[in-house]
Amino acid sequence: MFISDEKAFMEPHNDIISTAMVVIGFVIFAAILLKTYLTYNDNSLALENYRQAALIANDVAGYPAIQGSRQDLISAHALDSIAMPAADREMHSDFFHRFSSNADFFVDVRTDDGSHTWIIDRYETSSPEGDIIAASVPVVIELGNNARCVPGTVTVRLRKNKWT
């Protein structure tokens, strides 16, 4: 009779341990599911913004106001006018009005050899801190005349503060 009393006494503890294990397992499963959803959401948002950056980069590469002597060339002289600090404020303003006003981005144009760099930013005092999504397209930059052309890259960088 002593054994049966002891068995009856142990059964509630077994139920508590089993219930605790089930609850802990459910909490771990819910945490993994939440982390998976948040990762998917971040990745899909980043992909969407990458597509937007790529579209803007293609538009910048084909922007008529910075074209050189031919449509497939970008003029270094035009880039000098709108790069920071902007010599031609009206052309600089027109450049950013052409694109979406709710996209906070800046443009980095570089020659492949690194000898020339132009930063075109809407704000003179902004800094490229925080999360940024970037997309680049190859271009040909006309330095002075169409006889002196070098390969380069137009990179558009979207700042995260406008994604939310």
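Owing to the predicted nature of the structure, the values given are computational and were not obtained by experimental measurement.

1. A few points about the overall build of the protein chain
Each helix and strand counted, the protein chain has three helices and five strands in total. For the protein chain, the succession of helices and strands along the chain, N to C, is α-β-α-α-β-β-β-β. Residues counted as buried form 29% of the 164 residues belonging to the protein chain. Just so you have it, the protein chain exposes about 10800 Å², and 58% of that area is on carbon and sulfur atoms.

2. A look at the pattern of salt bridges
For the coordinates displayed, the defined rule picks out five salt bridges. Of the charged contacts in the structure, one is a salt bridge between Arg70 and Asp72, with a shortest N-O distance of 3.0 Å. Owing to a relative accessible area of 48%, Asp72 belongs among the partly exposed residues under this scheme. One connected set of salt bridges, linked through shared partners, spans Asp104, Asp121 and Arg159.

3. Focus on the packing of aromatic side chains
Using the criterion set out here, one finds three aromatic pairs in the structure. Ring geometry for Phe95 against Phe96: centres 5.1 Å apart, planes inclined by 85 degrees, an arrangement best described as edge-to-face. The two residues Phe95 and Phe96 agree in class, both being buried. Judged by centre distance (5.4 Å) and plane angle (45 degrees), the ring pair of Phe96 and Phe105 falls under tilted. Owing to a relative accessible area of 5%, Phe96 belongs among the buried residues under this scheme. Through a chain of ring-to-ring contacts, the aromatic side chains of Tyr63, Phe95, Phe96 and Phe105 assemble into a single cluster.

4. Overview of helix 3 (residues 89-97)
Regarding helix 3, the residues found buried are Met91, His92, Phe95 and Phe96. Down the axis of helix 3, the buried side of the element spans an arc of 135 degrees, and every buried residue falls inside it. In helix 3, those exposed residues whose orientation departs by more than 90 degrees from the buried face are Glu90 and His97.

5. So, the environment of Asp80
Within the element layout of this structure, Asp80 appears in helix 2 (residues 76-82). Assessed through its relative accessible area of 45%, Asp80 is described here as partly exposed. Counting along the chain gives 37 residues from Asp80 to Thr117, while the straight-line C-alpha distance between them is 9.6 Å. In contact with Asp80, other than residues within four places in its own chain, are Ala87 and Trp118. Among the polar contacts listed, one links the side chain of Asp80 to the side chain of Trp118, at a separation of 2.6 Å.

6. Points about the environment of His116
Structurally, His116 is set in the loop between strand 2 (105-111) and strand 3 (117-121). Owing to a relative accessible area of 28%, His116 belongs among the partly exposed residues under this scheme. Considering only alpha carbons, one finds His116 and Gly152, 36 residues apart in sequence, at a separation of 9.2 Å. Beyond its immediate sequence surroundings of up to four residues, His116 is in contact with Val109, Arg110, Thr111 and Leu143.

7. Section: the pairing of strand 5 (residues 149-159)
One ladder, built from seven bridges, connects strand 2 with strand 5; its direction is antiparallel. Each bridged residue has a counterpart across the sheet, and for Asp108 the counterpart in strand 5 is Thr155. Bridge analysis of strand 4 (residues 132-142) against strand 5 gives 11 bridges, and the strand direction is antiparallel. Counterpart to Ile132 in the pairing with strand 5 is Arg159.

What counts and what doesn't
- Residues numbered from 1 in each chain as written.
- Predicted model: local features only at pLDDT ≥ 70, side-chain atom pairs only at ≥ 80, totals over all residues.
- Heavy atoms only, no water.
- Helix = DSSP H or I, 4+ residues; strand = E, 2+ residues; numbered from the N terminus.
- Buried < 20%, exposed > 50% of the residue type's maximum accessible area, 1.4 Å probe, protein only.
- Areas by Shrake-Rupley, 256 points an atom, 1.4 Å probe, with all protein chains shown as cover.
- Salt bridge = Lys/Arg side-chain N within 4 Å of Asp/Glu carboxyl O.
- Phe/Tyr/Trp six-rings, centres within 6.5 Å; stacked < 30°, edge-to-face > 60°.
- Arc of directions from axis to C-beta.
- Contact = heavy atoms within 4.5 Å.
- Polar contact = N/O pair within 3.5 Å; in protein donor to acceptor, adjacent residues only side chain to side chain.
- Pairing = 2+ DSSP bridges.

Remember that the coordinates give geometry; whether it matters functionally is a separate question.
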